[in-house]
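One-letter residues, chain by chain:
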Amino acid sequence: MTLQDSVPPRLRALCVHLLTASGAVFAMLAMLAAADHRWSLMFLWLVVAFFVDGIDGPLARHYEVGRNAPRYDGVLLDLIIDYLTYVFIPAFALFASGLLPGWTGWCAIIVITYASAMYFADTRMKTRDYSFHGFPGCWNMVVLVLFALAPNFWISLLIVIVLAAAMFLPVKFVHPVRTARWRPVTLPMAVAWTFFAGWAAWVDFDSQSWAHWGLVVTSLYLTLAGAVQQAIYRETI
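Source: prediction; values computed, not measured.

Residues lying three or four places apart along an α-helix face the same way, a consequence of the helix completing one turn every 3.6 residues. Here helix H3 (residues 39-62) is 24 residues long and its end C-alpha atoms lie 35 Å apart, about the 34 Å a rise of 1.5 Å per residue gives. Once H3 finishes, glutamate 64 follows within two positions and takes phi at roughly 50 degrees, a positive value.

Given below as structure tokens:
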């Protein structure tokens, strides 16, 4: 008998819920860093939360948390934490950092938080192949790339508006773990994005860092892969 077999299924499932809930702690640590305008530290905590979010889903399915620990709704718990780490804190950072000055900052945070609240409540969020129906509100990834590249604020505002609109369009965005098609490429791309994001934040978004090029390549793939699949395979969602 292995050590894993000696642990009751209910306890294993509960531990997965506790792992998911740890994202709330990382969200608070990120928010405290953001309040002090320590953006690199904020993003490091968000990258940790992003990593936890990437592994808790497969663990939840493996240990059947819905059957073995049904008292806690893992989907709801995940959504609550995702809204904090994917939407709320990144939107605050975009506004408070001055990357979008004046009225553009107000426009961005209103669009991001309002549209994302509606998207997270959308019962059609997932497609038949477990991709996302529309842009999945990964503003933590978007804002981190904007911090790294620091484009003209008009470009940043345009990116925010286009992606917010894409949340409600019939465009597919791949899930790095659950979308089976191209997973051998998509999953390593997601892991690479996490590495490049952590490295960019670690070097305080140094413009000379090679991590920025890695962020651009991996971000473009993760953003466009679903739409390319739709075009190639003539899919509708």
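Moving on to unusual backbone geometry. Positive phi is not limited to glycine here, since glutamate 64 has a value of about 50 degrees. The topology assignment puts glutamate 64 in the loop between H3 and helix H4 (65-68). On the basis of relative accessible area, glutamate 64 is assigned to the partly exposed category, the value being 39%. One non-glycine residue, aspartate 204, lies in positive phi territory at about 60 degrees.

Moving on: the pattern of salt bridges. The full count for this structure, using the stated rule, is three salt bridges. Among the salt bridges present, the one from aspartate 122 reaches arginine 124, with a minimum N-O distance of 3.9 Å. By relative accessible area, arginine 124 is classed as exposed at 54%. One salt bridge in this structure joins lysine 172 and aspartate 129, with 2.9 Å as the shortest N-O distance.

Counted at 1.5 Å a residue, the expected span for helix H9 (residues 183-202) with its 20 residues is 28 Å, and the 28 Å between its end C-alpha atoms agrees. Here H9 has its buried residues at Thr186, Ala190, Trp193, Thr194, Phe196, Ala197, Gly198, Ala200 and Ala201. Looking at the packing, one finds that the buried side of H9 touches H3, helix H7 (139-149) and helix H10 (211-233). Aspartate 204 sits one or two positions beyond H9 and adopts a positive phi of about 60 degrees.

Moving on, we come to the packing of aromatic side chains. Inspection of the entire model under this criterion finds 18 aromatic pairs. Ring centres of phenylalanine 26 and tryptophan 45 lie 5.9 Å apart, and the angle between their planes is 15 degrees; on these two criteria the pair is classed as stacked. On the criterion of sequence distance, the pair formed by phenylalanine 26 in helix H2 (residues 9-35) and tryptophan 45 in helix H3 is long-range, its members being 19 residues apart. Overall, the relative accessible area of 18% leaves phenylalanine 26 in the buried class. Owing to a relative accessible area of 26%, tryptophan 45 belongs among the partly exposed residues under this scheme. Plain terms: the ring middles of tryptophan 39 and phenylalanine 147 are 5.7 Å apart, the flat faces sit at 55 degrees to each other, and that makes the pair tilted. A residue pair is termed long-range when its members are at least 10 positions apart, and tryptophan 39 in helix H3 and phenylalanine 147 in helix H7 qualify at 108 residues. Take tryptophan 39: its relative accessible area is 15%, and that puts it in the buried class. Above the ring of tyrosine 130, the side-chain terminus of arginine 178 is found at 3.9 Å from the ring centroid.

Basis of the calculations
Residues numbered from 1 in each chain as written. Predicted model: local features only at pLDDT ≥ 70, side-chain atom pairs only at ≥ 80, totals over all residues. Heavy atoms only, no water. Helix = DSSP H or I, 4+ residues; strand = E, 2+ residues; numbered from the N terminus. Expected span 1.5 Å × (residues − 1). Buried < 20%, exposed > 50% of the residue type's maximum accessible area, 1.4 Å probe, protein only. Salt bridge = Lys/Arg side-chain N within 4 Å of Asp/Glu carboxyl O. Contact = heavy atoms within 4.5 Å. Phe/Tyr/Trp six-rings, centres within 6.5 Å; stacked < 30°, edge-to-face > 60°. Lys NZ or Arg CZ within 6 Å of the ring centre and 35° of its normal.

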